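Chain and residue survey
So the chains spell out like this:
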Amino acid sequence: GRVVDLYNSKVKSGELRQDPKQEATVRKLQVLADLYLKYEEDISKEAATAKDSGIFGRLFSAIGASQPVDQISIPPPRGFYMYGDVGCGKTMLMDLFLESLPHSSKKKRVHFNSFMQQFHLAMHRWRETPQSRTEHSHTAIEKVTDQIIEDSKLLCFDEFQVTNIADAMMMGRLFRGLWKRGAVVVATSNRPPDDLYKGGLQRALFVPFIHELKDQCYVHYINSEIDYRLTGERVGDLFFVASNPQQSEERMRKVWNDLTESRPGEPTELNVNGRIIPVQLAFKGIARFNFSDLCEKALGAADYAAVGHNFHTVLLSGVPKMSLDQKDSARRFITLVDELYEHQVKLVVTAYAPAEDLFPRMDKNSKRVDSVLAQPGEEEMFAFSRTLSRIHEMQSTEYLQAKHKPNPHDAITST
């Protein structure tokens with residue numbers, strides 16, 4: 001099938017890495033692609049047969065259309081709801097599924113938040129029309145669904161989520177109308193259906209929609225352990241040299257948005273034996289830190305181990321070029337990298353100098369005599385050579401594909 005062929009060709013070209021979890025998903029998407037093409041073909045045949053009767057002759061291009069589109073008799077294939085952690089490749093797989101379909105296929109791909117915003121806008125426009133005084137809102141929703149289905153029966157939603165009561169209260173009626181009219185829904189999400197709108201206001205009224213969603217869509221969990229956000233081209237160089245703080249911030253903001261799919265994150269803190277470590281932003285195992293917060297304060301290995309324990313990805317901004325007078329900060333940076341390395345944490349850095357120039361290098365002519373240092377800061381310089389090696393290794397494909405180790409030494413840390 002074309003979905004499988006596209007995936008295999010991208011693996012062969014090196015654009016993607018072979019991943020058994022993704023391969024299993026691709027095979028299921030191939031089944032849906034085949035069923036959907038057959039469904040489109042059957043609809044076209046029915047439309048041709050019914051053309052003279054006018055069933056498909058009406059074009060509903062405005063919300064004020066007088067009647068809903070007649071329901072068709074051909075049952076649609078079951079849709080596909082795939083969920084998994086941020087970065088497991090689900091959006092890429094949905095796009096691959098869409099790419100496999102012919103250009104002639106009627107399909108719509110939209111971020112779910114945008115889709116709901118468009119829906120609420122359409123409802124707002126209806127409320128401003130004279131019909132709203134005599135028609136029930138159910139009628140307006142039917143007209144909106146008519147419009148959506150007229151454009152496409154295949155609806156692909158990226159980032160399917162429910163975060164507010166306005167969406168939650170409308171989704172049942174909206175999607176029930178879409179499914180009644182033959183819509184096929186494909187969606188990506190970070191949450192399983194049962195966790196949608198979890199803890200939301202009046203959630204009991206939303207729960208019936210969850211049951212309908214599971215009836216209408218095959219639910220599939222992508223349990224990939226490879227984080228494709230860091231191994232792909234979107235993030236780019238994991239060690240970025242910035243010329244000023246503004247450039248550093250712009251870079252980190254872009255990386256954060258790529259990794260979190262533009263989630264805002266929240267400030268938090270770690271408590272390690274009473275010592276408070278501020279976390280600039282955190283979101284599902286991803287954290288942002290400033291160099292000053294981690295390396296210019298009296299922190300040590302236990303504190304950095306707590307960072308490695310709690311976060312699988314760390315964004316560290318503002319690493320300065322350090323002199324021998326700043327060897328305490330350099331020593332902390334060395335220890336930080338050591339601990340993140342031991343925990344297999346993915347590290348993204350913005351610095352104000354290339355890695356090789358962040359700290360003075362060892363003078364090749366210096367010598368050790370009876371354990372007395374021939375040069376101030378020599379221990380830090382020796383140790384920093386190892387840090388450079390680790391920073392380079394932490395950007396390798398092998399390292400980036402390795403699984404995070406929250407407890408590499410079975411250490412217990414508090415949060």
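Residues numbered from 1 in each chain as written. Predicted model: local features only at pLDDT ≥ 70, side-chain atom pairs only at ≥ 80, totals over all residues. Heavy atoms only, no water.

Quick look at the overall build of the chain now. On a plain count of helices and strands, the chain comes out with 14 helices and eleven strands. Sorting the 415 residues of the chain into buried and exposed places 48% on the buried side. Long-range contacts, defined as pairs at least 24 residues apart, comprise 77% of the intrachain contacts of the chain with a sequence gap of at least 6. Split by element, the accessible area of the chain, about 20,400 Å² in all, is 50% carbon and sulfur. (Helix = DSSP H or I, 4+ residues; strand = E, 2+ residues; numbered from the N terminus. Buried < 20%, exposed > 50% of the residue type's maximum accessible area, 1.4 Å probe, protein only. Contact = heavy atoms within 4.5 Å. Areas by Shrake-Rupley, 256 points an atom, 1.4 Å probe, with all protein chains shown as cover.)

What follows covers the nonpolar core. Core analysis: the largest hydrophobic core is formed by 42 residues, its most contacted members being Phe 289, Leu 294, Phe 311, Val 319 and Phe 333. Once residues within four sequence positions are removed from consideration, Val 319 is found in contact with Phe 291, Phe 333, Val 349, Thr 350, Ala 351, Tyr 352 and Leu 358. (Core = buried A, V, L, I, M, F, W, Y, C linked by side-chain atoms within 4.5 Å.)

The next subject is the sheet that holds strand 3 (residues 154-158). Sheet architecture is open: five strands sit in the order 2-3-4-1-5, paired in parallel fashion. The two strands at the open ends of the sheet, each matched to only one other strand, are strand 2 (107-111) and strand 5 (217-221). Averaged over all neighbouring strand pairs, the angle between strand axes comes to 15°, with direction disregarded. Lying over the sheet, helix 4 (residues 112-127) contacts strand 2 and strand 3, oriented at roughly 100° with respect to strand 2. (Pairing = 2+ DSSP bridges. Axes fitted to C-alpha atoms, helices over the stretch in contact; angles between N-to-C directions.)

The next point concerns the packing of helix 12 (residues 327-342) against helix 13 (residues 378-393). With their axes 10 Å apart at the nearest point, helix 12 and helix 13 run at an angle of 35° to one another. Of the two possible hands of crossing, helix 12 and helix 13 adopt the one that is left-handed. Where helix 12 approaches helix 13, its residues Lys 327, Arg 331, Phe 333, Ile 334, Val 337, Asp 338, Tyr 341 and Glu 342 are matched on the opposing element by Glu 379, Glu 380, Ala 383, Phe 384, Arg 386, Thr 387, Arg 390, Ile 391 and Glu 393. Partitioned by chemical class, the residues of the contact of helix 12 with helix 13 number seven nonpolar, one polar and nine charged. (Left-handed = near helix turned anticlockwise from the far one by under 90°. Nonpolar A, V, L, I, M, F, W, Y, C, P; charged D, E, K, R; others polar.)

Time to look at helix 12. In a regular helix each residue adds 1.5 Å, so 16 residues correspond to 22 Å; helix 12 covers 22 Å between its end C-alpha atoms and thus fits that length. Within helix 12, twelve of the 16 residues are buried, which leaves the element mostly enclosed by the surrounding structure. Of all the residues in helix 12, the buried ones are Ser 329, Ala 330, Arg 332, Phe 333, Ile 334, Thr 335, Leu 336, Val 337, Asp 338, Glu 339, Leu 340 and Tyr 341. Elements that come into contact with the buried residues of helix 12 comprise helix 10 (291-295), helix 11 (301-310), strand 10 (313-319), strand 11 (346-351), helix 13 and helix 14 (397-401). Positive backbone phi, at 55°, marks Gln 344, one or two positions downstream of helix 12. (Expected span 1.5 Å × (residues − 1).)

This part covers helix 5 (residues 137-151). A rise of 1.5 Å per residue sets the reference length of helix 5, with its 15 residues, at 21 Å; its end C-alpha atoms lie 22 Å apart and thus fit the reference within 8%. Every buried residue of helix 5 is listed here: Ala 140, Ile 141, Lys 143, Val 144, Thr 145, Asp 146, Ile 148 and Ile 149. Buried-residue contacts for helix 5 involve helix 4, strand 3 and helix 6 (165-180).

Moving on: unusual backbone geometry. A positive phi angle, near 55°, is found at Tyr 197, a position not held by glycine. By the secondary structure assignment, Tyr 197 is in the loop between strand 4 (184-189) and helix 7 (207-216). Residue classification places Tyr 197 among the buried residues on the basis of a relative accessible area of 6%. Its identity is not glycine, yet Gln 202 carries a phi of approximately 50°, on the positive side. Note on placement: Gln 202 falls in the loop between strand 4 and helix 7.

Here Gln 30 lies in helix 2 (residues 20-50). Among residues more than four places away in sequence, those in contact with Gln 30 are Gly 1, Arg 2, Val 3 and Val 4.

Moving on, we get to the packing of helix 5 against helix 6. As a packed pair, helix 5 and helix 6 sit with axes 9 Å apart at the nearest point and diverge in direction by 50°. It follows from the interaxial angle that helix 5 and helix 6 lie oblique. The handedness of the crossing between helix 5 and helix 6 comes out as right-handed. On the side of helix 5, the interface is formed by Ser 137, His 138, Ile 141, Glu 142, Thr 145, Ile 148 and Ile 149, while helix 6 contributes Met 170, Arg 173, Leu 174, Gly 177, Leu 178 and Lys 180. Residue composition of the contact of helix 5 with helix 6, by class: six nonpolar, four polar and three charged. (Parallel < 35°, antiparallel > 145°, perpendicular 65-115°, else oblique.)

With the rule as written, the count across this model stands at 23 aromatic pairs. Plain terms: the ring middles of Tyr 36 and Tyr 39 are 6.1 Å apart, the flat faces sit at 55° to each other, and that makes the pair tilted. Linking Tyr 36 with Tyr 39, this pair stays in helix 2, spanning three residues, or about one helical turn. Take Tyr 36: its relative accessible area is 1%, and that puts it in the buried class. (Phe/Tyr/Trp six-rings, centres within 6.5 Å; stacked < 30°, edge-to-face > 60°.)

Here the focus is the side chain of Thr 335. Position of Thr 335 among the secondary structure elements: in helix 12. Given the relative accessible area of 19%, Thr 335 is considered buried. Non-local contacts of Thr 335, meaning those with residues more than four positions away in its chain, are made with Ala 301 and Tyr 304.

Once that is clear, we can look at the confidence of the model for the chain. It should be kept in mind that the predicted coordinates are not to be read in detail where pLDDT is low. Summing up the model confidence of the chain, the mean pLDDT is 83 and the portion of residues at 70 or higher is 85%. Low confidence marks residues 367-374, where pLDDT is under 50. Its contacts with residues over four positions away, or in another chain, come to seven contacts. This stretch, residues 411-415, has a pLDDT under 50; its non-local contacts, to residues over four places away or in other chains, come to ten contacts. (pLDDT = per-residue confidence, 0-100.)

With that settled, consider the sheet that holds strand 6 (residues 239-241). Across the sheet, six strands lie side by side as 6-11-10-9-8-7; this open sheet has mixed pairing. Only two strands of the sheet have a single partner each, and these edge strands are strand 6 and strand 7 (266-272). When the angles between neighbouring strand axes are averaged without regard to direction, this sheet yields 25°. Running over the sheet, helix 9 (residues 245-260) touches strand 6, strand 8 (275-283), strand 9 (286-290), strand 10 and strand 11 and is turned about 175° from strand 10.

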